[in-house]
Amino acid sequence: MDYFNTTIKISGYRPFRHPQTLHLRNGVTSFIGPNNSGKSSILRFFYDFRQLFAEIRSPGNWRQTLTGQRRSFKLPQPSRQARELFNNYTDDDLEFTILDYAASNDDLRGLKLIVFRDSLEYVLQIAKGNSFIHLPNFDFKSSGDRTILTDSQKSYGHIDRIINILAVFHTTMYIPSFRNAINIGSTTSYFDIDVGQIFIHNWRELKYGYAKEGWETAEQTTRTIREIMNYDDLEINPSSDDQTLQLRINGHIYRLDEVGSGITQLIIIAINIALSKASMIMIDEPEAGLHPLLQRNLIELLRSFGSIVLFTTHSIGLSRHQSEVIYSITRDDINGSSIKSFEHTPRLSEFAGEMNFGGAVEIGVSKILLVEGPTDIKVYQQFLRKIHKEPEFLILHLGGSSSINGKRDTVDQLNELKRITPNITAIIDSESTSEGSIPTERRNFRRICVDNGIDCHVLEYRSTESYFSAEAIRSVHPTLTEKLKPYEKTPDGWAKADNWRMAQLMDLKDVEGTDLSRILSKLEKAK
């Protein structure tokens, strides 16, 4: 779906005894918590019920269950035991609701599924006002290219958006932890990861088969890995005996087992995702067995393939640096596990400390770049990557207007950052409605930065989006055919979480002659 804004409420599932609410949107969502808190269970939920989502995305299967009659479904392996799905501290059945917050008044707003503890069977209910109901008698009617759920008295709305949500939940990819279990010599799959000869065979078919679409997918996958790993050249080929992959990296030839487990993991995951065409990608503990820089690369890799990415982690720093939305997971023996929104706009100095800036110097990070808001982190990662400087910068967001002002707290935070490193640059939007009309609080923020030795750039145009090319905008938002005027607001329906995709598609030539080009040139030359 182009715009995904969906809420899942779960109760009675694995460690979640009481109802827990999870909001899913386009972009990256992370879950932080200690061992055994229930982080992995969130991802397993979508894996466990994938076959059920596939079943109910067909409206024909509603006819039995929406009337209150039970219907059975199958679990994927290795989720073989139905009792594993249910919370151990209650006898309640398992329930989950799906609510579409992007639905219009003409759309069906939500569904509830009840999975019975005494059997692997379920029933379905639909949202009616603030409650959920069965429908003893109903029918489906066509309205143009859409489908309406009705009974003899009224319409309950178009069901197409809900069906599309179920399609997203069905086309997921689950990458569990303990990925050292991924062995290219194995003959069986590891959850959603194909390995061994079938993996090599599928890559050969994709790259050298008869389908032109496969060639393009293989080329795009290779290009994405090359850009994320900052290689000048990369080619990925199956060996002649289909036992391994042969890599050409910057002119040198390697077998897959010669490049290290971290890069092997990235390549195997990337190819599997390309083969799966998943809409939602889920990974447990991306830090497992990976160098800190590769952890970031892995999340960027997943982001490049899936419009929705979920990951669990023990690392607050990785979560804050890579996520638009963060949840914390806690657990106690009485109430089970709880999902709560995590406050992800702390004091900037604390953020830098949690990212372990001192240790990050060892992997090449030597500077801090302050940007406008959370979604700008990924945008400027793309711009820095184009000038081959992304590994040198820790990018922090300022939380928008809440910190871009002349208040004492802002001054204190900037001073604390200066004690961590003197190499700090800030880039913020001007919010100008016409040439030179920069709001007072943004001029004050620039003055404070200058007074504290921080190189601050206030963009001449209204916002970073003002610099995106028409081609990049159109590729992400097909209905928008022109670039923004310098002081124009973004139109309704513009999802900022997709801004990084537009930045990724751009070339540095697209911003030539602008102040953004001069800023990037200065960052490129910075020591």
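Located above this text is the structure these notes cover.
No experiment lies behind these values; they were computed from the predicted model shown.

## What about the environment of Phe-4?
As for its position among the elements, Phe-4 is in the segment before β1 (5–11). Take Phe-4: its relative accessible area is 1%, and that puts it in the buried class. Considered as a pair, Phe-4 and Ile-308 are 304 residues apart in the sequence and their alpha carbons are 8.6 Å apart. Among all residues touching Phe-4, those that are not within four sequence positions of it are Leu-24, Arg-25, Asn-26, Ile-165, Val-168, Phe-169 and Ile-308.

## Focus: the pattern of salt bridges
Counted under the stated rule, the structure contains 32 salt bridges. For Asp-48, the salt bridge identified is with Arg-44, shortest N-O distance 3.4 Å. On the criterion of helical spacing, the pair formed by Asp-48 and Arg-44 is a turn pair, its members being four residues apart in helix α1 (residues 39–48). We note that Asp-48, like Arg-44, is buried. For the salt bridge of Arg-385 with Glu-300, the shortest nitrogen-to-oxygen distance reads 4.0 Å. Residue Arg-385 is found in helix α12 (residues 374–386), and its partner Glu-300 is found in helix α8 (residues 292–305); the two are separated by 85 residues along the sequence. Glu-300 shares its class with Arg-385; the two are buried. One connected set of salt bridges, linked through shared partners, spans Arg-296, Glu-300, Arg-303, Glu-324, Arg-385 and Glu-390.

## Observations regarding the nonpolar core
Core analysis: the largest hydrophobic core is formed by 54 residues, its most contacted members being Phe-46, Phe-49, Trp-62, Phe-96, Leu-149 and Phe-169. In terms of residue count, the dominant contributor to this core is helix α4 (residues 160–170) (six residues). With near-sequence residues (within four places) excluded, Trp-62 lies in contact with Ile-56, Thr-67, Leu-108, Leu-111, Leu-124, Phe-138, Phe-140, Leu-149, Ile-159 and Ile-163. Counting 42 residues, the second largest nonpolar core, distinct from the first, contains Val-28, Ile-228, Leu-245 and Ala-278.

## Describing a negative patch on the surface
Among the surface-exposed residues, Glu-471, Asp-507, Asp-510 and Glu-512 lie close enough to one another that they form a single negatively charged patch. If you trace the backbone, Asp-507 turns up in the loop between α16 (499–505) and α17 (515–525).

## Observations regarding the sheet that holds strand β13 (residues 234–238)
Backbone-to-backbone hydrogen bonds pair the strands of a sheet. The strands run either parallel or antiparallel. The strand order across the open sheet formed by three strands is β13-β14-β15, and the pairing between neighbours is antiparallel. Lying at the two open borders of the sheet, with one neighbouring strand each, are β13 and β15 (252–255). Sheet twist, expressed as the average angle between the axes of neighbouring strands with direction ignored, equals 20°. Pairing between strand β14 (residues 245–249) and β15: four bridges, direction antiparallel. When the sheet's bridge partners are listed, Gln-246 is paired in β15 with Arg-255.

## A look at the sheet that holds strand β9 (residues 139–143)
Here three strands make up an open sheet; going across it, the order is β9-β10-β11 and the pairing antiparallel. Whereas interior strands pair on both sides, the edge strands pair on one side only; in this sheet they are β9 and β11 (155–158). The mean angle between the axes of side-by-side strands here comes to 30°, regardless of whether they run parallel or antiparallel. Looking at chain direction, β9 and strand β10 (residues 146–150) are connected through five bridges and run antiparallel. Each bridged residue has a counterpart across the sheet, and for Asp-139 the counterpart in β10 is Thr-150.

## Section: the pairing of β13
Successive residues of a regular strand alternate their side chains across the two faces of the sheet. The element β13 is extensively covered by neighbouring structure, given that four of its five residues are classed as buried. The pairing of β13 with β14 spans five bridges and is antiparallel. Residue pairing for β14: Asn-237 is matched across the bridge by Gln-246. Connecting β13 to the antiparallel partner β14 that follows it, the hairpin turn spans six residues, and Asp-242 within it adopts a positive phi of roughly 55°.

## Section: the environment of Ile-387
Take Ile-387: it is sitting in the loop between α12 and β21 (393–397). Ile-387 gets classed as buried once you look at its relative accessible area, which sits at 4%. Non-local contacts of Ile-387, meaning those with residues more than four positions away in its chain, are made with Leu-508, Leu-520, Leu-523 and Glu-524.

The rules behind the values
Residues numbered from 1 in each chain as written. Predicted model: local features only at pLDDT ≥ 70, side-chain atom pairs only at ≥ 80, totals over all residues. Heavy atoms only, no water. Helix = DSSP H or I, 4+ residues; strand = E, 2+ residues; numbered from the N terminus. Buried < 20%, exposed > 50% of the residue type's maximum accessible area, 1.4 Å probe, protein only. Contact = heavy atoms within 4.5 Å. Salt bridge = Lys/Arg side-chain N within 4 Å of Asp/Glu carboxyl O. Core = buried A, V, L, I, M, F, W, Y, C linked by side-chain atoms within 4.5 Å. Patch = residues over 30% accessible without salt bridge, like charges linked within 9 Å, V, L, I, M, F, W, Y side chains within 5 Å. Areas by Shrake-Rupley, 256 points an atom, 1.4 Å probe, with all protein chains shown as cover. Lys, Arg positive; Asp, Glu negative; His and termini not counted. Charge placed at Lys NZ, Arg CZ, Asp CG, Glu CD. Pairing = 2+ DSSP bridges. Axes fitted to C-alpha atoms, helices over the stretch in contact; angles between N-to-C directions.

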